[in-house]
Amino acid sequence: CYYGVAGLGGRIGTGEAEETSSGWVRPLVELAHHNLDEADRTLRAARAAGVPIALGFDWQPFGDVGLELARMVHHGLSLHEALASATGGAARALDLAEHVGTVAPGLIADLLVLDARELDVAVLRDPGRVWRVYQGGTPVAGSSCAASGS
C-alpha cells in the first residue's frame, strides 16, 4: 500500500500530519508519495469523465471500508459518490448487480442504520454510531439490538 510505504499508515491523506518512518528506503518512500499524487489525479479525472468507480482495495487494513471511503472523499469524490462506489458500483464491477448493490425489491441487501442527523465519513467510521445492522432483513447488531435484547 502506498500509504504504508509513504509512512502514512491509516491516515486519510498525504497532507494530514508529519510522516512517520515507514522503514522503507527514501527512493521508495518518494515513489509512494508520487504514486499517491498520481492516484489522486486519476480518481479525479475518472470522476470528471464519468468513469464508473467501484470501491475496493487489496492491502491492509483488510476490511476497513470506512478508511477507504474516507480516502476516496479526500481524493475528490463526494460522500454520496463514495458510498455509491461501495454498493452499486462494486456490485456492477463484480457483475452482481442483479443480486446485490442497491436496495430494491428482489435484491439481497444488508443495511446499516446510523444514529446521526447528518452523514459524514467520521460517522461511518464510528462503531458507537451504529444503531442497527440488518443482514437479509434480520437485525443482527447495533446499539438498538443490545438495548432491546434482540
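For clarity, every value in this text was computed on a predicted model and none was experimentally measured.

### Describing the overall build of the protein chain
Here's step 1: Helix and strand content of the protein chain: six helices and three strands.
Here's step 2: In the protein chain, which comprises 150 residues, the proportion classed as buried is 27%.
Here's step 3: With an accessible surface of roughly 9500 Å², the protein chain has 57% of that area assigned to carbon and sulfur atoms.

### Describing the packing of aromatic side chains
Here's step 1: Using the criterion set out here, one finds zero aromatic pairs in the structure.
Here's step 2: For Arg71, the ring lying beneath its charged end belongs to Tyr3, and the centroid distance is 3.5 Å.

### Some points on the pairing of strand E2 (residues 130-135)
Here's step 1: Alignment of strand E1 (residues 110-114) against E2, held across five bridges, turns out to be antiparallel. Looking across to E2, one finds that Leu112 is bridged to Val133.
Here's step 2: Hairpin geometry of E2 and strand E3 (residues 138-141) is characterised by an intervening segment of two residues between the two adjacent antiparallel strands and by a positive phi of about 60° at Gly136.

### Re the nonpolar core
Here's step 1: Of all hydrophobic cores here, the largest spans eight residues; its members are Leu43, Ala46, Ile53, Leu55, Leu69, Met72, Leu77 and Ala82.
Here's step 2: If you list the elements that add at least two residues to this core, you get helix H2 (26-49) and helix H3 (65-74).
Here's step 3: Setting aside anything within four residues of it in sequence, one finds Leu77 in contact with Leu43, Arg47, Ile53, Met72 and Ala82.
Here's step 4: By size, the runner-up hydrophobic cluster in this structure holds six residues, among which are Tyr3, Val5, Ala6 and Ala32.

### Quick look at unusual backbone geometry
Here's step 1: The backbone phi angle of Asp95 is positive, close to 55°, even though this residue is not glycine.
Here's step 2: With respect to the helices and strands, the residue Asp95 is situated in the loop between helix H4 (79-93) and E1.

Rules and cut-offs
Residue numbers restart at each chain and count upward from 1, following the sequence in its written direction. Reporting of local features is limited, given that this is a predicted model, to residues whose pLDDT is at least 70; pairs of side-chain atoms are given and counted only at 80 or more, and all residues count toward the totals for whole chains, interfaces and linings. Hydrogens and water molecules were not included; the side-chain quantities draw on all heavy atoms of the structure. Strands are runs of DSSP state E lasting at least 2 residues, helices are runs of H or I lasting at least 4, and numbering of each runs from the N terminus. Only protein chains enter the calculation, and the probe is 1.4 Å; a residue is then buried if its accessible area is under 20% of its type maximum, exposed if over 50%, and partly exposed in between. Reported accessibility uses the Shrake-Rupley method at a 1.4 Å probe radius. Residues are deemed covered only where the shown protein chains occlude them. In summary, the pairing rule links any two rings of Phe, Tyr or Trp, Trp by its six-membered ring, whose centres are within 6.5 Å, and it sorts them by plane angle into stacked for under 30 degrees, edge-to-face for over 60 and tilted for everything else. Should the NZ of a Lys or the CZ of an Arg lie within 6 Å of a ring centre and within 35 degrees of the ring normal, that charge is described as sitting over the ring. Should DSSP find at least two bridges between two strands, the strands are regarded as paired. Joining through side-chain atoms within 4.5 Å is the link that ties buried Ala, Val, Leu, Ile, Met, Phe, Trp, Tyr and Cys residues into a set, and such a set is a nonpolar core. When checking whether two residues touch, look at their non-hydrogen atoms; a contact exists if any pair is within 4.5 Å.

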